[in-house]
Amino acid sequence: EAGVTQSPRYAVLQEGQAVSFWCDPISGHDTLYWYQQPRDQGPQLLVYFRDEAVIDNSQLPSDRFSAVRPKGTNSTLKIQSAKQGDTATYLCASSFDWGNQDTQYFGPGTRLLVL
Amino acid sequence: QQQVRQSSQSLTVWEGETAILNCSYENSAFDYFPWYQQFPGEGPALLIAIRSVSDKKEDGRFTIFFNKREKNLSLHIKDSQPGDSATYFCAARISGSFNKLTFGAGTRLAVCP
């Protein structure tokens, strides 16, 4: 079974440019998470979805970041007008939240460098 | 406020030794504690997890010891191998929180041959 896939794997931008990250979760997983992982830090949750609904986006810098999961499967995270402080790895994870089958499976991430 | 704290940023052990990675937490409502392992260039992967009703969880060379009263836990890696060299994250979750995990900053383990 395929794991969580993400693209692109790397992105380099100038400040002010926009970028989109794409995530394909494990088939059948109803919950999808986006994390930001700065260098040498742990993942920090940005937003997560149950099916197509946003459950919690309180940590998403809403003025420049947006995330959608329109059909409850794939998801896109977009950064408008990137800043140097956005430099980090962006991780997508998915899980099937039923009983104790709630392990989050992570993709390989997209490494973003904003110059 | 850092709700999940890992006491060491890095740890070095010799091959064959037991590596001990420590974690503490602030929120008494946390009741599920997974440890994730991350290799460079990869996403984190679940290694082992414990629920707060238990004080010990063992899986092969990996053991979690959990102290609810002191709000801390530790991951023991017995007979460490060079292939165990990775960053280890302690995480915590509150039941009923839609599986929302809070991660620590990680401990980078180096196992020297």
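Quick note: structure is the one above.
Remember, it's a predicted structure, so these values are computed and weren't measured experimentally.

**Structural notes on the pattern of salt bridges**
So, step 1. For the structure on display, the rule yields eight salt bridges over all chains.
So, step 2. Between Arg108(B) and Asp40(A) there is a salt bridge whose closest N-O contact spans 2.6 Å. Placement of Arg108(B) in strand 11 (residues 107–112) and of Asp40(A) in the loop between strand 4 (31–37) and strand 5 (44–50) is noted, with the two residues assigned to different chains.
So, step 3. Looking at Asp40(A), the relative accessible area reads 48%, which means it is partly exposed.
So, step 4. In this structure, Arg64(A) and Asp86(A) form a salt bridge, with 2.6 Å as the shortest nitrogen-oxygen distance. Within this pair, whereas Arg64(A) is found in the loop between strand 6 (53–56) and strand 7 (65–68), its partner Asp86(A) is found in the loop between strand 8 (75–79) and strand 9 (88–95), the two being separated by 22 residues in sequence.
So, step 5. Exposure remark for Arg64(A): the relative accessible area of 13% places this residue in the buried category.

**Description of the side chain of Ser95(A)**
So, step 1. Here Ser95(A) shows up in strand 9.
So, step 2. Given the relative accessible area of 0%, Ser95(A) is considered buried.

**Comments concerning unusual backbone geometry**
So, step 1. A cis amide bond links Ser7(A) to the next residue, Pro8(A), at an omega of -10°.
So, step 2. In this structure, Pro8(A) sits in the loop between strand 1 (5–7) and strand 2 (10–13).
So, step 3. Backbone geometry at Ser81(A) places phi at a positive 50°, although glycine is not the residue there.
So, step 4. Looking at the secondary structure, you find Ser81(A) in the loop between strand 8 and strand 9.
So, step 5. Positive phi is not limited to glycine here, since Lys71(B) has a value of about 55°.
So, step 6. Residue position: Lys71(B) is located in the loop between strand 7 (62–67) and strand 8 (72–77).

**Here we look at the interface of chain A and chain B**
Interface size, as often reported, equals the accessible area lost upon joining of the parts.
So, step 1. With 23 residues of chain A in contact, the opposing surface of chain B contributes 20 residues.
So, step 2. Scanning the region where chain A abuts chain B turns up two salt bridges.
So, step 3. At the junction of chain A with chain B, the criterion picks out five residue pairs in polar contact (both at pLDDT 80 or more).
So, step 4. Residue composition of the side of chain A that touches chain B, by class: nine nonpolar, eight polar and six charged.

**Section: the sheet that holds strand 7 of chain B**
Residues and elements named next belong to chain B.
So, step 1. The five strands are arranged 1-3-8-7-6 in an open sheet whose pairing can be described as antiparallel. What marks the edges here is a single partner per strand, and that holds for strand 1 (4–6) and strand 6 (56–59). Direction aside, the axes of adjacent strands within the sheet are offset by 15° on average.
So, step 2. In this sheet, strand 3 (residues 19–25) lies alongside strand 1 in antiparallel orientation, the contact comprising three bridges. From the neighbouring strand, Val4 faces strand 3, where its bridge partner is Tyr25.

**A word on the state of the cysteines**
So, step 1. On inspection of all chains with the given rule, the structure shows two disulfides over all chains.
So, step 2. Residue pairing for Cys23(A): its cysteine sulfur links by disulfide to Cys92(A), the two sulfurs lying 1.9 Å apart. On the sign convention where negative means left-handed, the S-S torsion of about -70° between Cys23(A) and Cys92(A) marks this disulfide as left-handed. In this pair, Cys23(A) is assigned in strand 3 (residues 19–24) and Cys92(A) in strand 9, connecting sequence segments 69 residues apart.
So, step 3. We classify Cys92(A) as buried; its relative accessible area is 0%.
So, step 4. Linked covalently through their sulfurs, Cys23(B) and Cys90(B) form a disulfide whose S-S length is 2.1 Å. With the S-S dihedral at roughly -75°, the linkage between Cys23(B) and Cys90(B) falls on the left-handed side. Taken together, the positions of Cys23(B) in strand 3 and Cys90(B) in strand 9 (residues 86–93) put the pair 67 residues apart, joining distant regions of the chain. For the pair formed by Cys23(B) and Cys90(B), the shared burial category is buried.

Parameters at a glance
Sequence positions are assigned chain by chain, starting from 1 and proceeding in written order. By the order in which they are written, chains take letters starting at A while ligands take numbers starting at 1. Thresholds applied to this predicted model are a pLDDT of at least 70 for local features of residues and 80 or more for the giving and counting of side-chain atom pairs; totals over whole chains, interfaces and linings are not thresholded and use all residues. Calculation of side-chain values draws on the structure's entire complement of heavy atoms; hydrogens and water are dropped beforehand. In what follows, salt bridge is the name for a side-chain nitrogen of Lys or Arg lying within 4 Å of a carboxyl oxygen of Asp or Glu. We count a stretch as a helix when DSSP gives it H or I for four or more residues in a row; a strand needs E for two or more, and each element gets its number in order from the N terminus. Note on classification: 1.4 Å probe, protein chains only; a residue is buried when its accessible area is under 20% of the maximum for its type, exposed when over 50%, partly exposed between these limits. Any two residues whose heavy atoms approach within 4.5 Å at even a single point are treated as in contact. Here a polar contact is recorded for every N or O atom pair within 3.5 Å, except that within protein the pair must consist of a potential hydrogen donor and a potential acceptor, and residues adjacent in sequence are included only if both atoms are side-chain atoms. Lys, Arg, Asp and Glu make up the charged group, whereas Ala, Val, Leu, Ile, Met, Phe, Trp, Tyr, Cys and Pro make up the nonpolar group; the residues left over, Gly among them, are polar. Strands pair, by our definition, only if DSSP identifies at least two bridges between them. Think of each axis as a best-fit line through the C-alpha atoms, taken over the contacting stretch in the case of a helix, with angles from 0 to 180 degrees between the N-to-C directions. Pairs of cysteine sulfur atoms within 2.5 Å are identified as disulfides in what follows.

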